[in-house]
Amino acid sequence: AELTIGFSQIGSESGWRAAETSVSKQEAAKRKVNLKIADAQQKQENQIKAIRSFIAQNVDAIFLAPVVSTGWDSVLKEAKEAKIPVVLLDRDIDPSGKELYLTAVTSDSVHEGAVAGDWLAKTVGDKACNVVELQGTVGASVAANRKKGFDTAVAKHPNLKVVRSQTGDFTRAKGKEVMESFIKAEGGGKNICAVYAHNDDMMVGAIQAMKEAGLKPGKDILTVSIDAVPDIFKAMVAGEANATVELTPNMAGPAFDVVAAFKEKGTVPPKWIQTESRLLTAADNPQKEYDSKKGLGY
Amino acid sequence: MTALLPRRGLAQILALIVILAVDRVVSPQFFDLRLQDGRLFGSLIDVLNRGTPVALLSLGMVLVIATRGIDLSVGAVMAICGAIAASLADSHGLPVVLAAALGAGLICGLWNGFLVAVLGMQPIVATLILMVAGRGIAQLITEGRIVTFSSPDLVWLGNGSVLGLPVPVAIALGMLILTGAVVRGSALGLLIEATGGNARASELAGVGTRAMILSVYVWCGVCAALAGVIAAADIMGADANNAGLWLELDAILAVVIGGTSLFGGRFSLVLAVLGALIIQTMNTGILLSGYPPEFNLLVKAAVVLAVLLLQSPKLSGFAGIMARLRGTKP
Amino acid sequence: MKGLPPVVITAFVLVAGFALCAVQFPNIASTRVVGNLLTDNAFLGIVATGMTFVIISGGIDLSVGSVIGFTTVFVALAIERWGVPPLVAFVAILVLSAGFGAAMGAIIHVFDLPPFIVTLAGMFLARGASFLLSTESVPITAPVYSTVSDFALRMPGGGRLTAVAIIMIVIVIGGALLLHLTRFGANVYALGGSRTTASLMGVAVGKMTVKIYMLSSLLAGIAGIVFSFYTSAGYSLSAVGVELDTIAAVVIGGTLLTGGQGSVIGTFLGVLIQGMIQTYINFDGTLSSWWTKIATGVLLFAFIALQQGLVALARRPVAKRAGAAS
Amino acid sequence: MENGLDPAPPLLEVRGISKSFGAVRALQEVDFTLRAGEIHALLGENGAGKSTLIKVVTGVFPRDAGIVRLGGEEVAPRSAKAALQVGIATVYQEVNLLPNLSVAQNLFLDRQPMRFGIVREGEMRRRAKTLLADFGLDIDVAAALGNYSVAIQHVTAIARAVDLSARVLILDEPTASLDRHEVEILFGIMRQLAKRGIGIVFVSHFLDQVYEISDRITVLRNGRLVGERETASLPRLDLIRMMLGRELAETTSVRASEGEHGAREVCASFENYGKAGYVAPFNLELRRGEVVGLAGLLGSGRTETARLVFGAERADGGQARVEGAPVRLQSPRDGVRHGFGYCPEERKTDGIVAELSVRENIVLALQAKRGLHRPLSRREQDEIAKRYVKMLDIRPPDPERPVGLLSGGNQQKVLLARWLATSPRLLVLDEPTRGIDVGAHAEIIRLIRELCDDGLALLVISSELDEIVTYSDRVVVLRDRAHVEELAGEAVDVGNILAAIAADSVTVALEAHT
Ligand SMILES: Nc1ncnc2c1ncn2[C@@H]1O[C@H](COP(=O)(O)OP(=O)(O)OP(=O)(O)O)[C@@H](O)[C@H]1O
Ligand SMILES: Nc1ncnc2c1ncn2[C@@H]1O[C@H](COP(=O)(O)OP(=O)(O)OP(=O)(O)O)[C@@H](O)[C@H]1O
Ligand SMILES: [Mg+2]
Ligand SMILES: [Mg+2]
């Protein structure tokens, strides 16, 4: 029978998120799944409400992209009582809730940060290098994890030093504004050797700021960021960006397969299906990446 | 001495100076300016440039507040108009793009004005409707993506420069002068102040209070549209999800710091813009300071309170100093 | 004889809306959904009760969302990290939040500053303070929490009347009694009528202002505790933007933002109307992020317009008879 | 205490009170003495400082200097509440109650009967009813006060203060919006209270009332004490001289002579004009150079007639004509466009824009009439403002002062100036002399006459029949929201008007409009 799946999506705060939503729809259409998406507008309380109403509608499975890692126990218990399997997408929840969901299809955001850090360390070599960091939204777990991963990776290299770190709220405009002030504060940018941004959007803004200050991003200042949205490849093609770590928007696809298998054959999947965090640099044919991504709804 | 000092606005100017001084302390190169590719470059220019959207919003907002209203939808209107501009930028000329974006802002303003002036809804809920739905409309236009463009004309609006000044700053200055000319050059200013001061009495004196209210919301919409276009031009893309997010609060804050009462009546355009600059000077200072971002909001709260206390009629000490400077007894 | 009071009309609008939704999605007409409505909006109902007092007195409190956020973080840290017994943590945070409200009220009164801005600064302050405490979300594992969040009265038809829902209902009723039956309540309306006049009539305006903001923050603190029950966690970004939902609920409930008029029951209905709009959108489930926003706005408009139209209709014959009524 | 011979100190003793607002010295070393059981009139021109004195004594304004003794003991209340607590109850000028609360709540605000922390609503209503019954009011006390006319609101305010007054009762222009009947009731109650030993301060611009009720008089001028006298031994002309500091030209009947009457052309006319449930259809002709007075009890529909004529309220039937041509009056703007002007009776809520300056308030209607695109230059505004400040003797003569800071009487003059500046063809004045001092009163009446001579048509509402008779060429009498009689020429006298008002009902109770 046709499956009905409820998907409690966080909202639409970035291009990546929009892509995840639209890829989920495409994947659902491919598999003839009836996907109900409830958009939570960034609020946990809305997500809880949405899950409750999915339960009330007796859907076959619930996908949850949790806005925050805690606070799901009671609502997921309700889902469990109603015998509705839950799959986490994109973000994990607190370990205490392990029993309450079927599986999590996520990337490891600490690992993402580490990949970015390792790339930078490798690229810079032994040179002393002052790094500035554009953080994500204060309080967002992804931001904290990407910071943590990066920090751990560069901690092994004393020549790398994060000299400034400020939030750019994951947005282009703030990324640009913050980068402008970093440049001013660091001797017109001369003291900066690399920028690390928690997402590509902020980096795209930062690249503009560097250009306007007469600097050459990608050459004078190295860039590394995370997500792999199409626009960062455009910048790579132009030689203005160096590296990005991919976060695939296709988390629903594997999740659909897992649910289908579970429903039909009772196959219990592993607790964590980790998506790959690919490092993509200017050497990886950015034009091709750009072309393949631009239709995905970013 | 007395003639040199403005009757109002001393507190604001003083606040700005103090914050500038603090900025200089946290960032020694704060006042450095140099010419870079034919445009001025430095933190002060950043303050002006980054302050532009809120300054533009506050130009419309101050008029709305003068009529005892409030417009929560300006952030959403920014997003809508930025999205429209970005989607048209690469296929149409700048005049068409601007006309479409500003036209959309005008329609948004008309809608708000209609709800408030004609249906008699309370401004805060009336504009809350567009605040919620408007961002949805903007996202509908961009389908949640960041719509980028490369039209050099539009990009120039965000990143170009005239006479060394960034174009946005020039536009904001132009709008300030234009708004000032329209409002103070005609009877609009007086009639708006009368409407805000006492709508019933003004109506009985023959003032078309509805038309006044409608027109201020329309103007507010247009200002927001312009701010939206500039914000989009700045990052060469329309980010419907985040453009103008929470800027309505900054705009209201700017107006109040500029000394206009939320209960309507007397207003000052220049001081509202000064309010926007005070906020941005503080924001830029925070970014330059190098403190961890967890402190941003605390600093903001402290500064806002301090600036307001400076203006409080009850702080007789300061009021006394101001009065003495002006040569009158407190 | 008076015309239909606005509260009755709001109630009618709610019931009519519910019926319409139920026609489209029969599942909605169940005690389960009603129970969810109460549970999910419990914290909103509690803050909105406090906000009603503030708005009737002619003020506004933008800090409530941040106070909720701060409360959840504080409670979580106190219980999980500092080893404070939950009850003590609750008392501490309630004292803290009441003090915070009192301070805002005092600043508003003493320095004669607009509440909008003072509480905006309060909003920054409380949110900033919760960032300082912890930027990551802290799960709460104390046994009280699972007891409370598992507690529920079964309603016929499978619905659950949860503990948080019960707390909300008690607070709404208590708030209504306080507002409508006590001297304090009468003074709240008096302040909303005119601060100067109230003061000339002998109302201690300063004390009242302090108490009103204290009440609002206190209820925001309780809402924060309820929110922490609801999510079993503390998180510095929780309840962002709740102040606007709250204000909308209060206003939909028929309270005038200019002060002087309104009721707690109306606010409660306003909360439910907002909850219903969301339930409807969730049941529909085909809406993208943007259509969700647009639909929320359109439904908000529809409800308010319908309500205003009905109120105007109900008023008309009265106005005719009375002529002089303003 | 300084007088060792007098054993009982005066009830209220005010010594050397001074108060300045910025540069304005509102009170300078004023003394005032109130004895127990007396009714003491506090008199003076508009802006003399009466209300300020009251507010300083009751702690609403902090004082710059001076002391207040109550029963020989020094008191320094810092708020109205504190004054109440030491036994001083006050009705401040302008209605100072809360329109959004019920009548009962207004009467018992902050002192409601309680049980277990809960207001005893029923008990409170019962007490409110008894309290108001003393004033001859039988209204629904559960309804919001704002539903009632100003008069009822004022009576409620007085009733509250009377009920609160333990030792001193201060009434600042309590009779300004009352008619005779209610004034009688109020005076009766004041006498009773005085008999019980309560001291009463009474402010009024109606000298008749002052002579009728007061025992002693204190006069202020320009913030200074002029003197204190026994009422009985102070001739009226002397009193006026004390208040004004000069003689007052006597104004008797200034009505135009009968002969011109027929010749006057009709400037505006209303046929079968009315609005259901508001005011019954009426016919009214207003002619150039003629004053038509509207007389009637409170709530008889005078204000309603005025609002219809001006266009502030839409008629649902009938035809209005201006200079013979049919016009539609849908809004005040229409009225203004056709050259009408309207000074509303409630100047605080419907008249002034408190925050704006005298200049801006004066030019407001003219500017609205000219439209947005033809702004008055600052010079023109200054000229207009200066002209009217001088012509109407607005004090202080500072056009840049916010109107809200002017005394009540001066605010009224600003309103008048606002409409005169538009050179109207028809001016509707609703209680134009309410709260205006004798000097200004005479001037306004003279002005009304002058305007008339210049060809203006006037429709004037006043509760003072003497005044109406003084200037009206015709008087329309209203009762129960209908025009019942029109008197012209010789027939215009107080007796005829009273007869028409009272025609069939013996007791016209004040109607409650809920
Ligand atoms: N709050 C205030 N701020 C500044 N000036 C004031 C204030 N209140 C009163 N004044 C000024 O003080 C003077 C005295 O005013 P006051 O109201 O006491 O007069 P009054 O005798 O009561 O007049 P009226 O008979 O018109 O009521 C006036 O010049 C007035 O403009
Ligand atoms: N539609 C209206 N809008 C606002 N105020 C109104 C309206 N109609 C009447 N009023 C006010 O309500 C009050 C009640 O008027 P009332 O019925 O006492 O008539 P009146 O004969 O004019 O009495 P008064 O002697 O007080 O002038 C008036 O002061 C009037 O200004
Ligand atoms: Mg007075
Ligand atoms: Mg009247």
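Residues numbered from 1 in each chain as written. Chains lettered and ligands numbered in written order. Predicted model: local features only at pLDDT ≥ 70, side-chain atom pairs only at ≥ 80, totals over all residues. Heavy atoms only, no water.

The name an unreviewed UniProt entry gives chain C is Sugar ABC transporter permease YjfF, with Bradyrhizobium betae as the organism. For chain C, the Subcellular location (unreviewed entry) comment in UniProt is given as "Cell membrane". (UniProt positions renumbered as here; feature names shortened; annotations may be inferred.)

Where an unreviewed UniProt entry is consulted, chain B appears under the name Sugar ABC transporter permease, with the organism given as Bradyrhizobium betae. According to its UniProt record, chain B has this under Subcellular location (unreviewed entry): "Cell membrane".

> An account of the overall build of chain C is requested, with residue identities and associated values reported.
Scanning chain C from terminus to terminus reveals 14 helices and four strands. Whereas a compact globule of 326 residues would reach a radius of gyration of roughly 20 Å, chain C reaches 20 Å, a difference of no more than 12%. In terms of overall dimensions, chain C has C-alpha extents of about 65 × 55 × 35 Å along its principal axes. A sequence separation of at least 24 residues applies to 79% of the contacts in chain C between residues at least 6 apart. Accessible surface for chain C amounts to roughly 11100 Å². Of this, 72% is attributable to carbon and sulfur atoms. (Helix = DSSP H or I, 4+ residues; strand = E, 2+ residues; numbered from the N terminus. Rg over C-alpha atoms; globule rule 2.2 N^0.38 Å. Contact = heavy atoms within 4.5 Å. Areas by Shrake-Rupley, 256 points an atom, 1.4 Å probe, with all protein chains shown as cover.)

> Before we move on, could you go through empty space enclosed by the protein and cite the residues and values that matter?
One water molecule sets the probe size; rolling that probe over the atoms shows where empty space is left. The full count for this structure, using the stated rule, is 13 cavities of 30 Å³ or more. The space that makes up the largest cavity amounts to roughly 170 Å³. Contributing to the lining of the largest cavity are 16 residues, with Leu200 and Met201 of chain C together with Thr90, Tyr92 and Arg160 of chain D lying nearest its centre. For the lining of the largest cavity, the class distribution of residues is 13 nonpolar, two polar and one charged. (1 Å grid on protein atoms, 1.4 Å probe; cavity = no way out; pocket = protein on both sides within 12 Å on 5 of 7 lines; lining within 4 Å. Points joined across faces, edges and corners; volume = space filled by probe spheres on them. Nonpolar A, V, L, I, M, F, W, Y, C, P; charged D, E, K, R; others polar.)

> Could you give an account of the coordination of the magnesium ion (ligand 4), with specific residues and numbers?
Working reference: metal with six octahedral donors, ideal angles 90 or 180 degrees; metal with four tetrahedral donors, ideal angle 109.5 degrees. Residue and element names in this part refer to chain D. Taken together, Thr303 (OG1) and Glu345 (OE) make up the full set of protein donors to the magnesium ion (ligand 4), lying 1.7 to 2.4 Å away. In this pair, Thr303 is assigned in helix 9 (residues 302-310) and Glu345 in the loop between strand 18 (340-343) and helix 11 (347-351), connecting sequence segments 42 residues apart. Taking the relative accessible area as the measure of exposure, Thr303 reaches 18% and is therefore buried. Residue Glu345 is classed as buried on the basis of its relative accessible area, which comes to 16%. (Donors = N, O, S within 2.8 Å, 3.2 Å for Na, K, Ca; no water. Buried < 20%, exposed > 50% of the residue type's maximum accessible area, 1.4 Å probe, protein only.)

> I'd like a description of the sheet that holds strand 5 (residues 103-106) of chain A, backed by residues and values.
All names here are of chain A. Pairing is parallel in the open sheet, where six strands are placed in the order 2-1-3-4-5-11. Only two strands of the sheet have a single neighbouring strand rather than two, namely strand 2 (34-39) and strand 11 (272-274). When strand polarity is set aside, the average angle formed by the axes of neighbouring strands in this sheet is 20°. The sheet contact formed by strand 1 (residues 4-9) and strand 3 (residues 61-64) spans four bridges and is parallel. Residue pairing in the sheet places Ile5 in a bridge with Ala61 of strand 3. Packing of helix 9 (residues 252-265) onto the sheet brings it into contact with strand 1, strand 2, strand 3, strand 4 (86-90), strand 5 and strand 11, and relative to strand 3 it is tilted by some 155°. (Pairing = 2+ DSSP bridges. Axes fitted to C-alpha atoms, helices over the stretch in contact; angles between N-to-C directions.)

> Can you explain the interface of chain C and chain B? Please cite residues and give values.
On the side of chain B, 43 residues touch chain C, which itself brings 44 residues to the contact. Linking chain C with chain B are zero salt bridges, by the criterion used here. The interface formed by chain C and chain B contains three residue pairs in polar contact (both at pLDDT 80 or more). Looking at the side of chain C that touches chain B, the elements with two or more residues in it are helix 5 (86-110), helix 6 (115-133), helix 12 (242-252) and helix 14 (289-322) of chain C. (Salt bridge = Lys/Arg side-chain N within 4 Å of Asp/Glu carboxyl O. Polar contact = N/O pair within 3.5 Å; in protein donor to acceptor, adjacent residues only side chain to side chain.)

> Describe the interface of chain D and chain C, and please don't skip the residues or the numbers.
Counting from both sides, the interface comprises 30 residues of chain D and, opposite them, 27 residues of chain C. Overall, the association of chain D and chain C removes approximately 2300 Å² of surface from exposure, summing both partners, and the carbon and sulfur fraction of that is 60%. Three residues stand out in chain D for area buried against chain C, namely Leu98, Asn100 and Asp110 of chain D, and they jointly supply 20% of the buried area on that side. At the surface where chain D touches chain C, the tally comes to zero salt bridges. Applying the counting criterion to the chain D and chain C interface returns seven residue pairs in polar contact (both at pLDDT 80 or more). (Buried area = accessible area lost by both parts, 1.4 Å probe.)

> Please provide a residue-by-residue account of the packing of helix 1 (residues 10-26) of chain B against helix 12 (residues 269-289) of chain B, values included.
All names here are of chain B. Across the interface, helix 1 lies against helix 12 with an axial gap of 9 Å and an inter-helix angle of 15°. The pairing of helix 1 with helix 12 is recorded here as roughly parallel in orientation. Considering only the axes of helix 1 and helix 12, their crossing is left-handed. Seen from helix 1, the contacting residues are Gln12, Ile13, Ala15, Leu16, Ile19, Leu20, Asp23 and Val26; seen from helix 12, they are Leu271, Leu274, Leu277, Ile278, Thr281, Met282, Gly285, Leu288 and Ser289. (Parallel < 35°, antiparallel > 145°, perpendicular 65-115°, else oblique. Left-handed = near helix turned anticlockwise from the far one by under 90°.)

> I'd like to hear about the site of ligand 1, residue by residue, with values.
All names here are of chain D. Taken together, the neighbourhood of ligand 1 is formed by 21 residues, with Lys50, Ser51, Thr52, Gln93 and Leu405 sitting nearest. Between ligand 1 and Lys50, the relevant distance is 2.8 Å, taken from an oxygen atom to a side-chain nitrogen or oxygen of the residue. Side-chain polar atom of Glu173 to an oxygen atom of ligand 1: 3.4 Å apart, as the coordinates give it. About the coverage of ligand 1: the protein hides 88% of its 640 Å² of free accessible area. Looking at the shell around ligand 1, the elements that each hand over two or more residues are helix 1 (50-57) and helix 14 (408-420). Each residue belonging to the shell around ligand 1 can be placed in one class, and the counts come to seven nonpolar, 10 polar and four charged. When residues of the shell around ligand 1 are sorted by domain, at least three fall in each of domain 1 (12-100 + 144-253) and domain 3 (351-414). (Near = heavy atom within 4 Å. Domains from an automatic or database assignment.)

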